[in-house]
Amino acid sequence: MINWEHFLTIITFSVLLLFFSFLAGLVGALTGLGGGVVVIPVLVLLFHINIHFAMGASLISVMATSSGTAAAYLREGYTNLRIGIFLETAAVIGALIGALMTAMLSKTLLAILFSLVLFFSAYLTVKRKEEHEEYPTSHPWAIKLNLNGTYPLGKKLTAYYVQHVPYAMVIMGLAGVFSGLLGIGSGALKVLAMDQALRLPYKVATTTSNFMIGITAAVSAGIYFSHGYINPTLTFPVMIGVIAGSFCGAKILTRMHHRTLRLIFSIVICLIGLQMLYKAITGTL
Amino acid sequence: MYSPEKMQKTLGIMLLIGISIALGLVIVGGIFYLIHYGSDPLQMELLQAEAYQLSIKKICYSAFTLSPTGIIELGLLILVMTQLLRVAILAWFYFVMRDRWFTFFSGFILIMLIYSLIWRN
């Protein structure tokens, strides 16, 4: 096989990477998953770059998407900061438990389990018809912690009532355990916890997830920097492209119907699930 | 008087400032890098290598020497710090608003962030 990337100059490579990163930022902003979903496969499969550098670039792309969209989503009034902080706390505790349990669990089994969870989440996400749901009250914990909020629907602000808080905490704790063990972003489970357990409007779930993923990524940043996984010459086109893409994504999201967003999300998490399953079967975790 | 709306607005502005500085540095460093090395063939050996040792101290030092990669690294570091800043701002707001639970939650995340950034370096 000819390794075509050997014929590239640095500038051509950087421009190509800029283009793919723009797409990554766009997808990341719309799904609440961060840009890593696109960045890692492009770097590893297309350009044959070392997985560690790809993971480093992915981490930067997640923080870039999160920061690029946060200001816009906060201004528009979609992000629910209280839910974000509350669930992030559960995720951090889960990640700590996950890090402690590394030696006790089989990674292959976990990866298979996680991919099945992703396929099931894709199904649940598409299935939910939020416009047909009505909740007159919220979970008592949501009232105590003041988690309810409003979001822009059409031209007016609409109130939503948060349900099943303990379920969401369990899912977020598991998300933390998974990311602590498998080292992958738990963005998919974050959106799932908010969409399926808390029964939030979909745009509130994805934008709040976008706010949280930057914080989660920053927790791993120290170790990535010190291990040398963050290569500046590789990362600079990624960061520029992802921020540009996420700015555009944030503009588009407000105008998109939640059903379209649900469909995009489901396709993307099915692809992550397949990637995970492939890694588990080939033993490349 | 502090209000959730004010908090949201301040946070949005701070994030925008942080990301603009980080992005500006990365663009400047990137352009310098491309002017110097843009026409060179891509060195796959380097991108497939394992080691690229780095520390926060090293990043600050190489940024002051105005090397293209040093400037990019400083931009990336500021991007990481922006994440820390957003939790710090939230913790401060909740503290001022006397919201005990949320001061605790955001304080806990902040401590974990600082711990993981400093301890691992």
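Residues numbered from 1 in each chain as written. Chains lettered and ligands numbered in written order. Predicted model: local features only at pLDDT ≥ 70, side-chain atom pairs only at ≥ 80, totals over all residues.

What am I meant to see in the overall build of chain A here?
From N to C terminus, chain A includes eleven helices and two strands. Counting from the amino terminus, chain A carries its helices and strands in the arrangement α-α-α-α-α-α-β-β-α-α-α-α-α. Scaling as 2.2 N^0.38, a compact globule of 285 residues should have a C-alpha radius of gyration of about 19 Å, and chain A matches this with 19 Å. Oriented by its inertia axes, the alpha-carbon framework of chain A measures out at about 60 × 45 × 30 Å. Each of the 285 residues in chain A was classed as buried or not, and the buried ones make up 59%. A sequence separation of at least 24 residues applies to 80% of the contacts in chain A between residues at least 6 apart. (Helix = DSSP H or I, 4+ residues; strand = E, 2+ residues; numbered from the N terminus. Rg over C-alpha atoms; globule rule 2.2 N^0.38 Å. Buried ≥ 20, exposed ≤ 12 C-beta atoms within 10 Å, placed from the backbone. Contact = placed C-beta atoms within 7 Å.)

Explain the overall build of chain B here, please?
Of the regular secondary structure elements, chain B holds five helices and zero strands. When the helices and strands of chain B are placed in sequence order, the string is α-α-α-α-α. Of the contacts made within chain B by residues no fewer than 6 positions apart, 64% connect residues no fewer than 24 positions apart.

Which parts of the structure should I look at to understand the interface of chain B and chain A?
Size of an interface: often given as the accessible area lost when the parts come together. Tallying the contact residues gives 53 residues for chain B and 50 residues for chain A. It is helix α1 (residues 4–37) of chain B that provides the largest number of residues to the side of chain B that touches chain A, a total of 15 residues.

Explain unusual backbone geometry to me, please; I cannot follow it from the model alone.
When glycine is set aside, most residues are seen to have a negative phi, and most peptide bonds are trans. A positive phi angle is found at H48 of chain A, which is not glycine, with a value near 55°. Checked against the element boundaries, H48 of chain A lands in the loop between α2 (36–46) and α3 (51–76). In the Ramachandran plot, R98 of chain B falls in the positive-phi region, its phi being about 55° despite a non-glycine side chain. As for its placement among the helices and strands, R98 of chain B is situated in the loop between α4 (68–96) and α5 (100–119).

Is there a simple way to explain the pairing of strand β2 (residues 156–160) of chain A in this structure?
Taken residue by residue, a regular strand's side chains alternate between the two faces of the sheet. Residue and element names in this part refer to chain A. Bridge analysis of strand β1 (residues 149–153) against β2 gives five bridges, and the strand direction is antiparallel. Bridge pairing links P152 to L157 in β2. Linking β1 to β2, which pair antiparallel, is a turn of two residues; within it G154 sits at a positive phi near 65°. (Pairing = 2+ DSSP bridges.)

It is not clear to me how the environment of L66 of chain B should be interpreted in this structure. Could you clarify?
Residues and elements named next belong to chain B. Mapped onto the secondary structure, L66 falls in the loop between α3 (56–64) and α4. On the basis of neighbour counts, which here come to 11 C-beta atoms within 10 Å, the residue L66 falls in the exposed class. For the pair L66 and M14, spaced 52 residues apart in sequence, the C-alpha to C-alpha distance is 26 Å.

Teacher, can you tell me more about α4 of chain B here?
Since one α-helical turn is 3.6 residues long, residues separated by three or four positions face the same way. For α4 of chain B, spanning 29 residues, the distance from its first C-alpha to its last is 41 Å, which sits close to the expected 42 Å at 1.5 Å a residue. Directly beyond the C-terminal end of α4 of chain B, a positive phi value near 55° is found at R98 of chain B. (Expected span 1.5 Å × (residues − 1).)

I tried to follow the environment of H257 of chain A on my own but got confused; where do I start?
Along the polypeptide, H257 of chain A turns up in the loop between α10 (232–253) and α11 (258–282). Residues H257 of chain A and T89 of chain A lie 168 residues apart in sequence; the distance between their C-alpha atoms is 30 Å.

Quick question: what am I supposed to make of the nonpolar core here?
Across soluble globular proteins, you tend to see nonpolar side chains buried next to one another. Counting 129 residues, the largest nonpolar core has I60, A168, A193 and M239 of chain A as its most contacted members. Considering each element in turn, this core owes the most residues, 14 residues, to α3 of chain A. (Core = buried A, V, L, I, M, F, W, Y, C linked by C-beta atoms within 7 Å.)

Help me understand the packing of α3 of chain A against α10 of chain A, please; the structure alone is not making it clear to me.
Residues and elements named next belong to chain A. The contact between α3 and α10 brings their axes to 8 Å, and the two run at 30°. In terms of orientation, α3 and α10 fall into the roughly parallel class. Handedness of the crossing formed by α3 with α10: right-handed. Residues F53, G56, A57, I60, S61, A64, T65, G68, T69, A72 and Y73 of α3 form the contact with α10, whose own contacting residues are L234, T235, V238, M239, V242, I243, S246, F247, G249 and A250. (Axes fitted to C-alpha atoms, helices over the stretch in contact; angles between N-to-C directions. Parallel < 35°, antiparallel > 145°, perpendicular 65-115°, else oblique. Left-handed = near helix turned anticlockwise from the far one by under 90°.)

What exactly am I supposed to notice about the confidence of the model for chain B here?
Note that predicted coordinates carrying low pLDDT should not be read in detail. Averaged over every residue, the pLDDT of chain B is 83; residues scoring 70 or more account for 84%. For chain B, helix α2 (residues 44–47) of chain B is the element with the lowest average pLDDT, namely 62, and α4 of chain B is the one with the highest, namely 91. (pLDDT = per-residue confidence, 0-100.)

Would you mind going over helix α5 (residues 107–127) of chain A with me for this structure?
Residue and element names in this part refer to chain A. Helix length check: α5, at 21 residues, gives a terminal C-alpha distance of 30 Å against a target of 30 Å (1.5 Å per residue), a fit within 8%. Those residues of α5 lying buried are A111, F114, S115, V117, L118, S121, A122 and T125. Viewed end-on, α5 has its buried residues packed into an arc of 160°, placing them on one side of the element. Projecting away from the buried face of α5 at angles above 90 degrees are the exposed residues L109, Y123 and K127. (Arc of directions from axis to C-beta.)

When you look at the environment of L11 of chain B in this model, what are you seeing that I'm missing?
Mapped onto the secondary structure, L11 of chain B falls in helix α1. L11 of chain B sits in the buried class, given 21 other C-beta atoms within 10 Å. Measuring from C-alpha to C-alpha, the distance between L11 of chain B and D99 of chain B comes to 17 Å, with 88 residues separating the pair along the chain. Leave out the neighbours within four places in its chain, and L11 of chain B touches L74 of chain A together with R86, I89 and L90 of chain B.

Explain the packing of helix α8 (residues 187–197) of chain A against helix α9 (residues 202–227) of chain A to me, please; I cannot follow it from the model alone.
Two measures define how a pair of helices packs: the angle their axes make with one another and the distance between the axes. Residues and elements named next belong to chain A. Put simply, α8 and α9 touch, their axes get as near as 9 Å, and they point 140° apart. It follows from the interaxial angle that α8 and α9 lie oblique. When you trace α8 past α9, the crossing you get is right-handed. Where α8 abuts α9, its residues G187, K190, V191, M194 and D195 lie against Y202, A205, T206, T208, S209, M212 and I213. Grouping the constituent residues of the contact of α8 with α9 by class yields six nonpolar, four polar and two charged. (Nonpolar A, V, L, I, M, F, W, Y, C, P; charged D, E, K, R; others polar.)

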